[in-house]
Every structure is written in C-alpha cells, then in structure tokens.
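Next come the chains, spelled out residue by residue.
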Amino acid sequence: MERKILLIYTGGTIGMKQDPETLLLKPFDFHQITREVPELKKFGYVIDALSFDPVIDSSDVNPAFWVKLAGILKANYDFYDGFVVLHGTDTMAYSASAMSFMLENLEKPVIFTGSQLPIGMLRTDGKENLISSIELAAAQDAEGHPHISEVCIYFDSQLFRGNRTTKYNAENFRAFRSANYPPLAEVGIHIRYNESALYRPPVRGRDLVLHTALDTHVAVLKIFPGISEPLVRAILSTEGLRAVVLETYGSGNSLSDPWFLGALAAFTQAGGIIVNVTQCQAGTVDMGAYANGDILRQAGLVCGRDMTTEAALTKLFVLLGQYADNKIVAEKIEIGVSGEIS
Ligand code: ASP
C-alpha cells in the first residue's frame, strides 16, 4: 500500500525563500512544497502538507503551540504512516521533548527537522534534512510496522531521540547533539539504524493518548559562582511555583552556603519539587558522589539523572498538569516514560 506522510510546517528558517524582488526571506506556501522541492515526487509516497497560520519563529513557541501541534498529530494519526514537523531550530529540542511526553502510546514516527539555511537558498541544508526525514518517517520494518515509533529530531545526517537532544551550535549545519544517548540512525550512502537504541512499543494498536493539560508553574534556575540570595529567594517565592529545574555543577553539586541550602529545603518542605540536572553537556547527576551533592539530597531535591533541561522542564509541565499532588509528580519525575533517562 502507498505510504502516506504528513508534513507539518510550523515556521523557522527552513520554510523560507528569497523574494526575487525584495530579496527578503519570506515563508513560502507549503501546499506548493513539491514545486519548491521537486525531488519529493520521486518518493512515490503520498505527501500531504499542512501549514500553521501564522507560521512562527520557534523563539515564539509556547505551551499553546504544543497543544495545537499535538492536536494536529492526534487528528491525523490514523490517516498517515509518519509525520515530519518542520520547525525552527531554536526551540526544536523543547518541542520534541514536549511531544514525547504529550503523546502517550505513540507508535508512529514524529520527526522534527529544520535547517540552518532556508530551503530556497543554494547551499541549504534544508533539502537533505527534509528528504531524509521523509524517508525515515516512511521506513518500515520487515513486519510492515514503522521502523521508528517515537519522537525524533533529524539533522545533518543524524537521527536522535527528541527528548535527548539539545541545540548546541548556532552556526554549523550540525546544530544538535544527543550527548547521553546514541543516534538512532546515521544517514550516509545507506541508512544505518541503531536497532538496539530504537524504542519498540511493547504492544501495538493502542490508542494514542494526548496529555494537553500543561502546568507551567515551573522555573529553571542555573547556579553560578556568585549567585545571590535575593535572586534565589525571589525565584523560589514566585507565586504558585510548583517545581524548579536546578542546573547544578558536574555530577549534581552545588554551593554549600547555608542560606542557599536553607532556601531549597524550605521550598521542598513546603511541598515544592526541585529536580537536580547537570549544567554539563554530557553525563549524569549522582547526588551520592560528593558531599556537595549529598547536601542537595538532604535538602529534598529529586534526581534528574541524565535528563536534559528541555526534557525535565517539559516532563514537569505534563506531570504537573496530570497530578495536583506534587508528591506523585516528584516520584514520577525520576521514572523514565519516553526514554528520556538512561
Ligand atoms: N530563529 C529560527 C527559529 O528557531 C532559527 C531557525 O529556524 O533555525 O525559528
């Protein structure tokens, strides 16, 4: 049977081309995608395109955008074999992480991609990113199931698990990195899947469940030498704040000043959640490794292990939206749900 792919264009650099008169970059009409990228006709798949209106720079992404995107994926889920989401690179890792927690029981590929140079430019990286993403989204295994059954980011020949990815380069074509989890596939002359790294649904045919109640009463706080007491107290006393993602040093260590530890402990004792993630690019939090990590455990922090900040934040949004009781969220945040923790 002919495979069907839905392309969802949300905005970002990839969907722009130069206006021949003004020379300015403008989003092009994605319904005409095959006119812009005639190579797509060679696939022999049905490729439908749908565009957000208005399209946005991904710096403007917010939870309402995620709810809209998740709704589109759900509404079209039964009619397509795979989905390619064209998205700006700036917040792509946040959006891919959010989708991985908002779409429960996902069994089909949702592949985010974009580009550093617009698709209408000669040296664009957008064409390869788009064409390979479509091929990956349409790929099937020997039993005819989707080869990929999760939310991914495809960029510069590498397919990553979305909630493991961060944007780390503002300039290079290789803009994304997944430091704590291997690529799911490498695209060269052949597409080489890393079979043991791919998510396999335990059973197939379950209904896709959407989690769209997002509670954003969360802060991200990065510690640094010289961080001041008023700053920390101001953040922790934010009205309605339920959780904090604390970016600590190394394997989860922090300053040991009594005012700092006291402020954290007061927040957790009052029922707030503080998730300890590392500001390092790679590696994991282990609050048992150093005395300066153990003090955080004593202050009531929960361990984010090797979760990215993007994953920890969006997972909190979804869990807090699901559960009014912070105790349940604190327990669940440490348990992997979409392959976001090693
Ligand atoms: N600012 C753009 C965006 O994220 C950058 C890009 O698309 O690469 O939408």
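Residues numbered from 1 in each chain as written. Predicted model: local features only at pLDDT ≥ 70, side-chain atom pairs only at ≥ 80, totals over all residues. Heavy atoms only, no water.

**Q** Talk me through the site of the ligand; I want residue IDs and the actual numbers.
**A** Lining the immediate environment of the ligand, one finds G12, T13, D57, S58, G88, T89, D90 and S115. Between the ligand and T89, the relevant distance is 2.5 Å, taken from an oxygen atom to a side-chain nitrogen or oxygen of the residue. Separating a nitrogen atom of the ligand from a side-chain N or O atom of D90 is a distance of 2.8 Å. When the ligand is considered free in solution it has 270 Å² of accessible area, and contact with the protein chains removes 89% of it. Here the residues of the shell around the ligand are counted per class, giving no nonpolar, six polar and two charged. (Near = heavy atom within 4 Å. Polar contact = N/O pair within 3.5 Å; in protein donor to acceptor, adjacent residues only side chain to side chain. Areas by Shrake-Rupley, 256 points an atom, 1.4 Å probe, with all protein chains shown as cover. Nonpolar A, V, L, I, M, F, W, Y, C, P; charged D, E, K, R; others polar.)

**Q** Describe the nonpolar core, and please don't skip the residues or the numbers.
**A** W66, L69, M99, V110, F112 and L316 are the most contacted members of the largest nonpolar core, which has 53 residues in total. Leave out the neighbours within four places in its chain, and V110 touches L73, F83, V85, L103, E150, V151 and C152. In this structure, V37, F43, A139 and L198 belong to the second largest nonpolar core, which totals 33 residues. (Core = buried A, V, L, I, M, F, W, Y, C linked by side-chain atoms within 4.5 Å. Buried < 20%, exposed > 50% of the residue type's maximum accessible area, 1.4 Å probe, protein only. Contact = heavy atoms within 4.5 Å.)

**Q** Lay out the sheet that holds strand β9 (residues 158–161) with the relevant residues and their values.
**A** In a beta sheet, neighbouring strands are held together by backbone hydrogen bonds and run either parallel or antiparallel to one another. Strand order in the open sheet made by the eight strands is β4-β1-β5-β7-β8-β9-β12-β13, with mixed pairing throughout. Of all the strands in the sheet, the pair left with one neighbour each is β4 (46–51) and β13 (191–193). When strand polarity is set aside, the average angle formed by the axes of neighbouring strands in this sheet is 20°. Bridge analysis of strand β7 (residues 110–113) against strand β8 (residues 151–155) gives three bridges, and the strand direction is parallel. Across the sheet, residue V110 finds its bridge partner in β8, namely V151. In the packing of helix α2 (residues 63–76) onto the sheet, contacts are made with β1 (4–9), β4, β5 (82–86) and β7, and the angle to β1 comes to roughly 165°. (Pairing = 2+ DSSP bridges. Helix = DSSP H or I, 4+ residues; strand = E, 2+ residues; numbered from the N terminus. Axes fitted to C-alpha atoms, helices over the stretch in contact; angles between N-to-C directions.)

**Q** Describe helix α3 (residues 92–102), with residues and values.
**A** With respect to burial, α3 is a largely interior element, 10 of its 11 residues being buried. Taken together, the buried positions of α3 are occupied by M92, A93, S95, A96, S97, A98, M99, S100, F101 and M102.

**Q** Break down the packing of helix α5 (residues 229–236) against helix α6 (residues 258–269) for me, with residues and values.
**A** Between α5 and α6, the shortest axis-to-axis distance is 10 Å and the interhelical angle comes to 5°. Here α5 lies roughly parallel to α6, going by the angle between them. Only W259, F260, A263, L264 and F267 of α6 make contact with α5, whose side of the interface consists of E229, V232, R233 and L236. Of the residues assigned to the contact of α5 with α6, the class counts are seven nonpolar, no polar and two charged. (Parallel < 35°, antiparallel > 145°, perpendicular 65-115°, else oblique.)

**Q** Hey, could you go over the packing of aromatic side chains for me, with residue numbers and the actual values?
**A** Counted according to the given criterion, the structure contains seven aromatic pairs. Arranged with centres 5.1 Å apart and planes meeting at 45°, the rings of F52 and F65 form a pair that is tilted. With F52 in the loop between β4 and α2 and F65 in helix α2, the pair connects residues that are 13 residues apart, well separated along the chain. Considered together, F52 and F65 belong to a single accessibility category, that of buried residues. By way of ring pairs, the aromatic residues Y77, Y80 and F83 are connected into one cluster. We note K4 situated over the ring of Y80; from NZ or CZ to the ring centre the distance is 5.0 Å. The ring centre of Y77 lies 4.8 Å from the NZ or CZ of K108, which sits over that ring. (Phe/Tyr/Trp six-rings, centres within 6.5 Å; stacked < 30°, edge-to-face > 60°. Lys NZ or Arg CZ within 6 Å of the ring centre and 35° of its normal.)

**Q** Explain the pattern of salt bridges to me, using residue names and the numbers behind them.
**A** All chains considered together, the criterion is met by 11 salt bridges. The shortest N-O distance in the salt bridge between D306 and R164 comes to 3.2 Å. Within this pair, whereas D306 is found in the loop between β18 (302–303) and α8 (309–322), its partner R164 is found in the loop between β9 and β10 (166–167), the two being separated by 142 residues in sequence. Residue classification places D306 among the buried residues on the basis of a relative accessible area of 8%. (Salt bridge = Lys/Arg side-chain N within 4 Å of Asp/Glu carboxyl O.)

**Q** Which residues make up helix α7 (residues 291–298), and what values do they have?
**A** Among all positions of α7, only G293, I295 and L296 are buried. Relative to the axis of α7, the buried residues are bounded by an arc of 155° and lie together on one face. Along α7, the residues that are exposed and aim more than 90 degrees away from the buried face are A291 and Q298. On its buried face, α7 sits against β16 (243–248), α6 and β17 (273–278). Phi for G300, located one or two positions after α7, is positive at around 95°. (Arc of directions from axis to C-beta.)

**Q** Which residues make up the pairing of β1, and what values do they have?
**A** With five of six residues buried, β1 is to be regarded as a mostly interior element. Two strands pair when backbone bridges link them, and β1 and β5 are joined in this way by five bridges, in the parallel orientation. For I5, the partnering residue across the bridge sits in β5 and is G82.

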